[in-house]
Amino acid sequence: MVRRSYLTSDAVRNFVFGVEDSLVSTVGFVSGIATSDVATETILLSGIILILVEAFSMAAGSLLSDNSADEFARKGVLKLSKSLFGAGVMFFSYIISGVLVIAPYMFWEHAVALQLSIGISLCALVLLGTVSARVSGVSVVSKSITMVVVGGIAVAIGIIIGNIADKSMRHKI
């Protein structure tokens, strides 16, 4: 009996991409909304919609791009089913990571939830960098720092855009 290993470069790529993209885009998006003084329900609804739509979109993108790359390499049409596992990894890693980001808004006031959300995301990025580095055999410190810097930039962009949009909309009202 042949044992199939699910730890392939495609699975690792989809996992890292799904977790990183979910943490970075969700915390940037939710932070931007949370700093614009809206109701908690609006933050949660926006976050849930973002996570579900993006998880499906990212999984579909993974499925189609992996299939296209394989077809290009083999110069022939291949069934989509070969790329389904990676797409599933992308989908579920995106959802789980996104839920980590919005969960604080279910239990704490905005200011505390915002700090916890950002902290959870940055800690998760360190953990992702550590796991990714160990699986790949590269420097844990370097990989973790890279993940945190990229995530931190996205958070800053989300907060800046949220504040600019909030101030702009308040002036029009």
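In the block above lies the structure referred to throughout.
Residues numbered from 1 in each chain as written. Predicted model: local features only at pLDDT ≥ 70, side-chain atom pairs only at ≥ 80, totals over all residues. Heavy atoms only, no water.

**Topic: the nonpolar core**
If you look at the biggest cluster of nonpolar residues, it comprises 29 residues, and the most contacted ones within it are L23, I43 and Y105. Breaking this core down by element, the ones donating at least two residues are α1 (9-34), α2 (40-74), α3 (84-102), α5 (110-136) and α6 (140-172). For this core, the element with the highest residue contribution is α1, accounting for nine residues. Sequence-distant contacts of I43, defined by excluding residues within four places in its chain, comprise V30, I33, A34, V38, Y105 and H110. (Core = buried A, V, L, I, M, F, W, Y, C linked by side-chain atoms within 4.5 Å. Buried < 20%, exposed > 50% of the residue type's maximum accessible area, 1.4 Å probe, protein only. Helix = DSSP H or I, 4+ residues; strand = E, 2+ residues; numbered from the N terminus. Contact = heavy atoms within 4.5 Å.)

**Points about the packing of aromatic side chains**
Throughout the structure, instances matching the rule amount to two aromatic pairs. On the basis of an interplanar angle of 85 degrees and a centroid distance of 5.1 Å, the ring pair of F91 and F92 is categorised as edge-to-face. Given the relative accessible area of 22%, F91 is considered partly exposed. On the basis of an interplanar angle of 75 degrees and a centroid distance of 5.9 Å, the ring pair of F107 and W108 is categorised as edge-to-face. We classify F107 as exposed; its relative accessible area is 61%. The cationic tip of K75 hangs over the ring face of F72; the distance from NZ or CZ to the ring centre is 4.0 Å. (Phe/Tyr/Trp six-rings, centres within 6.5 Å; stacked < 30°, edge-to-face > 60°. Lys NZ or Arg CZ within 6 Å of the ring centre and 35° of its normal.)

**Here we look at α5**
Counted at 1.5 Å a residue, the expected span for α5 with its 27 residues is 39 Å, and the 38 Å between its end C-alpha atoms agrees. Of the positions making up α5, those classed as buried are H110, A113, L114, S117, I118, S121, A124, L125, L128, G129, S132 and A133. Trailing α5 by a residue or two, G137 shows a phi angle of about 75 degrees, which is positive. (Expected span 1.5 Å × (residues − 1).)

**A closer look at a nonpolar patch on the surface**
Among the surface-exposed residues, L100, M106, F107, W108, V112, L116 and I120 lie close enough to one another that they form a single nonpolar patch of about 640 Å² accessible area. For the nonpolar patch, the secondary-structure elements that each account for two or more residues are α4 (104-107) and α5. Relative to the helices and strands, V112 resides in helix α5. The exposure class of V112 is partly exposed, given its relative accessible area of 32%. (Patch = residues over 30% accessible without salt bridge, like charges linked within 9 Å, V, L, I, M, F, W, Y side chains within 5 Å. Areas by Shrake-Rupley, 256 points an atom, 1.4 Å probe, with all protein chains shown as cover. Salt bridge = Lys/Arg side-chain N within 4 Å of Asp/Glu carboxyl O.)

**Comments concerning the side chain of D21**
Here D21 shows up in helix α1. Despite being buried, D21 has no salt bridge partner; R13 is the closest side chain of opposite charge, sitting 11 Å away. Here D21 is in contact with T26, M58 and Y94, once residues within four sequence places are set aside. (Lys, Arg positive; Asp, Glu negative; His and termini not counted.)

**Some thoughts on the packing of α2 against α3**
One can describe the packing of α2 onto α3 by two numbers: an axis separation of 8 Å at closest approach and a directional angle of 160 degrees. It follows from the interaxial angle that α2 and α3 lie roughly antiparallel. Judged by the twist between their axes, the crossing of α2 over α3 is right-handed. Residues L44, G47, I48, I51, L52, E54, A55, F56, M58, A59, S62 and L63 of α2 lie in contact with α3, whose contacting residues are L84, G86, A87, M90, F91, Y94, I95, G98, V99 and I102. (Axes fitted to C-alpha atoms, helices over the stretch in contact; angles between N-to-C directions. Parallel < 35°, antiparallel > 145°, perpendicular 65-115°, else oblique. Left-handed = near helix turned anticlockwise from the far one by under 90°.)

**Examining the environment of A39**
Its place among the elements puts A39 in the loop between α1 and α2. When its relative accessible area of 39% is taken as the criterion, A39 is described as partly exposed. When the C-alpha positions of A39 and S62 are compared, they lie 34 Å apart, and in sequence the two are 23 residues distant.

**Notes on the pattern of salt bridges**
Any two side chains of opposite charge can pair, on the condition that their charged atoms come close. For the coordinates displayed, the defined rule picks out one salt bridge. The salt bridge involving R13 is made with D66; its shortest N-O contact spans 2.3 Å. Taken as a pair, R13 in helix α1 and D66 in helix α2 lie far apart in primary sequence, 53 residues in all. Among the residues examined, D66 registers a relative accessible area of 10% and is labelled buried.

**Things to note about the environment of V89**
Note that V89 resides in helix α3. Sequence separation between V89 and V16 is 73 residues, and the spatial gap between their C-alpha atoms is 9.5 Å. Dropping the residues within four chain positions of it, V89 is found in contact with A11, N14 and F15.

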